[in-house]
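Residue-level structural notes
Spelled out from the first residue to the last, the chains are:
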Amino acid sequence: MDAFEDSPIAREIANLSARRRALEGVEVQLSGETRVITVSNQKGGVGKTTSAVNVAAALAQVGARVLVIDLDPQGNASTALGVPHNAEVASIYDVLIDEVRLADIVQRSPESPHLFCAPSTIHLAGAEIELVSRVAREHRLRSALDEYVNDPDHRMDFVIIDCPPSLGLLTINAFTAAREVLIPIQCEYYALEGLSQLLGSVQMIQKHLNPSLRLSTILLTMYDGRTRLAQQVAEEVRQHFPNEVLRTVIPRSVRVSEAPSFGQTVIAYDGQSAGAIAYREAAIEIIRRDAVDRKEA
């Protein structure tokens, strides 16, 4: 046997090729109902926005209609989806503060006819303070979203809400509007740091504002299989959350990091790369888990 054929890099290439072929023949069954998922982790740098936009793009690729709501004042999700979000653009800020209809600010992403975005602008940075004095301040996103998805012209299979890395009123609005929480956790030291605080916030929202909210998904990101630390972190998270952690892990990937600078998700930038394949697999798993949950219910 050729030494290269039995090398780690050869095995990795063969594995990637097999996964690509498996994705080509995959079939999914969408429920027909709108799943509202908020992507949250108050710890920065865990791949939160990256995961939100790439899962959304991967879902759109298999035919789901997906709306991404960019609730982060930095507007990185809007950038990655190729959607204009300068100060003059009507944005999610106008929906939350001035009660503009969501339909009036949603834009279609150039990546896919199935992918839409409610953009963020710099104005959102002041929304936390402005919301304090508003009536029904925790429910403003939910009211706007309910009106939007109940219109047959705006039917969505998924709404994915990208939160800021904090637990302020913007994140509370996201939790109140959502039914599911997806938490990205990086496979590095301090991975679980702050997670108990986030879960405590979810429980508070369940108790006082949104009883139907649940932690449905944990996605392991920035995984480097060459390190013992990454493997240990993955094992520890799976022990704590055996039913929530996806089998798919997102590897550290140059392509994933490069894509936003081109105003694209990695699905559009390099759909055959390891990072894109992992996000496509994660999206399939998210769809299929819901089907299993419905059968069990």
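Residues numbered from 1 in each chain as written. Predicted model: local features only at pLDDT ≥ 70, side-chain atom pairs only at ≥ 80, totals over all residues. Heavy atoms only, no water.

Examining unusual backbone geometry
Keep this limit in mind: Going along the chain from the N terminus, every DSSP run of H or I of four or more residues is numbered as a helix, and every run of E of two or more is numbered as a strand.
At alanine 136, a position not held by glycine, the phi torsion is positive, near 50°. Here alanine 136 shows up in the loop between helix H5 (127–131) and helix H6 (140–149). Not every positive phi belongs to a glycine, and methionine 222 is a case in point at roughly 55°. Note on placement: methionine 222 falls in strand E7 (residues 214–223).

Some thoughts on the pairing of strand E1 (residues 35–39)
Spelled out, the test is: Three labels apply to residues, based on accessible area from a 1.4 Å probe with only protein chains included: buried if under 20% of the type maximum, exposed if over 50%, partly exposed otherwise in between. In this scheme, strands are said to pair when DSSP sees at least two bridges between them.
The buried fraction of E1 is high, at 5 of 5 residues. Pairing of E1 with strand E5 (residues 158–162), which is carried by 5 bridges, proceeds in the parallel orientation. Counterpart to arginine 35 in the pairing with E5 is phenylalanine 158. Relative to strand E6 (residues 180–186), E1 runs parallel, the two being bridged by 3 bridges. The partner of valine 39 across the bridge, within E6, is leucine 182.

What to know about the nonpolar core
Going by this rule: Only buried residues count toward a nonpolar core. Its members are Ala, Val, Leu, Ile, Met, Phe, Trp, Tyr and Cys residues joined through side-chain atoms within 4.5 Å. Should any heavy atoms of two residues lie within 4.5 Å, those residues are counted as being in contact.
Counting residues in each nonpolar core, the largest one holds 51 residues, and the members touching the most others are Leu67, Ile69, Ile92 and Leu102. In this view, isoleucine 69 contacts Ile92, Ala118, Leu141, Leu145, Val159, Ile160, Ile161 and Asp162; residues no more than four positions away in its chain are not counted. Core analysis: the next-biggest nonpolar cluster, separate from the first, contains 36 residues, Ala56, Ala60, Val68 and Leu81 among them.

Looking at the side chain of aspartate 70
Here is the rule we go by: Positive charges come from Lys and Arg, negative ones from Asp and Glu, while His and the chain ends are left out of the count. What makes a salt bridge here is a side-chain nitrogen of Lys or Arg within 4 Å of a carboxyl oxygen of Asp or Glu, nothing more. Polar contacts, as counted here, are pairs of nitrogen or oxygen atoms within 3.5 Å of one another; within protein the pair requires one atom able to donate a hydrogen and one able to accept it, and residues that are adjacent in sequence qualify only if both atoms are side-chain atoms.
Structurally, aspartate 70 is set in strand E2 (residues 66–70). Buried and unpaired, aspartate 70 has no salt bridge, with lysine 48 as the nearest side chain of opposite charge at 7.2 Å. Here the side chain of aspartate 70 touches serine 78 through a polar contact of 2.7 Å, side chain to side chain.

As for the side chain of glutamate 285
Here glutamate 285 lies in helix H12 (residues 274–296). The residues contacting glutamate 285, other than those within four sequence positions of it, are Leu246, Arg247 and Thr248.

Quick notes on helix H9 (residues 228–240)
For clarity, the threshold we go by: For a helix, the expected span equals 1.5 Å multiplied by the number of residues minus one. By construction, the arc corresponds to the directions joining the helix axis to the C-beta atoms.
With 13 residues, H9 ought to run about 18 Å at 1.5 Å a step, and its terminal C-alpha atoms sit 19 Å apart, in line with that. Taken together, the buried positions of H9 are Ala230, Val233, Ala234 and Val237. All buried residues of H9 project into a common sector of 100° when viewed along the axis, lining one side. Buried residues along H9 sit in contact with E6, E7 and strand E8 (245–251).

A closer look at the packing of aromatic side chains
Test applied: Stacked, edge-to-face and tilted are the three classes for Phe, Tyr and Trp ring pairs, Trp counted by its six-membered ring, which pair at centre distances within 6.5 Å; planes under 30 degrees apart are stacked, over 60 edge-to-face, the rest tilted.
If you walk through the whole model with that rule in mind, you get 1 aromatic pair. Between phenylalanine 262 and tyrosine 269, the aromatic rings sit 5.0 Å apart at their centres with planes inclined by 25°, giving stacked as the arrangement. A residue is classified by how much of its surface remains accessible, and tyrosine 269, at 23% relative accessible area, is partly exposed.

Some details on the sheet that holds E6
Cut-off, in case you're wondering: To obtain each axis, a line is fitted to C-alpha atoms, and for helices this fit is confined to the stretch in contact; angles are then taken between N-to-C directions over 0 to 180 degrees.
Here we have 8 strands laid out as an open sheet, ordered E3-E4-E2-E5-E1-E6-E7-E8, and mixed in their pairing. Edge positions in the sheet fall to strand E3 (107–108) and E8, since each has one partner strand and no second. Running at roughly 175° to E6, helix H8 (residues 195–208) makes contact with E6 and E7 of the sheet. Running at roughly 175° to E7, H9 makes contact with E6, E7 and E8 of the sheet.

Structural notes on a nonpolar patch on the surface
Using the following cut-off: Like charges within 9 Å and nonpolar side chains (Val, Leu, Ile, Met, Phe, Trp, Tyr) within 5 Å are joined into patches, using only residues over 30% in relative accessible area that form no salt bridge. Where accessible areas are quoted, they stem from the Shrake-Rupley method and a 1.4 Å probe; at the residue level, only the protein chains shown are allowed to cover.
A cluster of nonpolar side chains, contributed by Tyr189, Tyr190 and Leu229, occupies part of the molecular surface with about 360 Å² of accessible area. Among the secondary structure elements, leucine 229 is positioned in helix H9. Judged by relative accessible area, leucine 229 falls into the partly exposed class, the value being 38%.

Digging into the state of the cysteines
Note the cut-off: Here, two cysteine sulfur atoms that lie within 2.5 Å of each other are counted as a disulfide.
Scanning the entire structure with this criterion turns up 0 disulfides. Sulfur of cysteine 117: no disulfide; nearest cysteine sulfur belongs to cysteine 163 and is 14 Å away.

Quick notes on the pattern of salt bridges
Side chains that carry opposite charge are capable of pairing whenever their charged atoms lie near each other. All chains considered together, the criterion is met by 15 salt bridges. Of the charged contacts, one joins arginine 140 and glutamate 99 as a salt bridge, the two residues approaching to 3.2 Å between their closest N and O atoms. Of the two residues, arginine 140 sits in helix H6 while glutamate 99 sits in the loop between helix H4 (92–98) and E3, which places them 41 residues apart along the sequence. Look at arginine 140 and you get buried, because its relative accessible area is 10%.

Observations concerning the pairing of E7
Regular strands show a simple pattern: their side chains alternate between the two faces of the sheet. The cut-off we apply is this: Here a crossover is taken to be right-handed if, once the strands point away from the viewer, the path from the first strand over the helix to the second is traced clockwise.
Most of E7 sits out of view: 7 of its 10 residues are buried. Inspection of the sheet shows E6 paired to E7 by 7 bridges, in the parallel sense. Looking at E7, one finds that isoleucine 183 is bridged to isoleucine 218. The parallel pair E6 and E7, bridged by H8, forms a crossover whose chirality is right-handed. Relative to E8, E7 is paired through 3 bridges, and the arrangement is parallel. Paired with leucine 220 across the strands is valine 249, a residue of E8.

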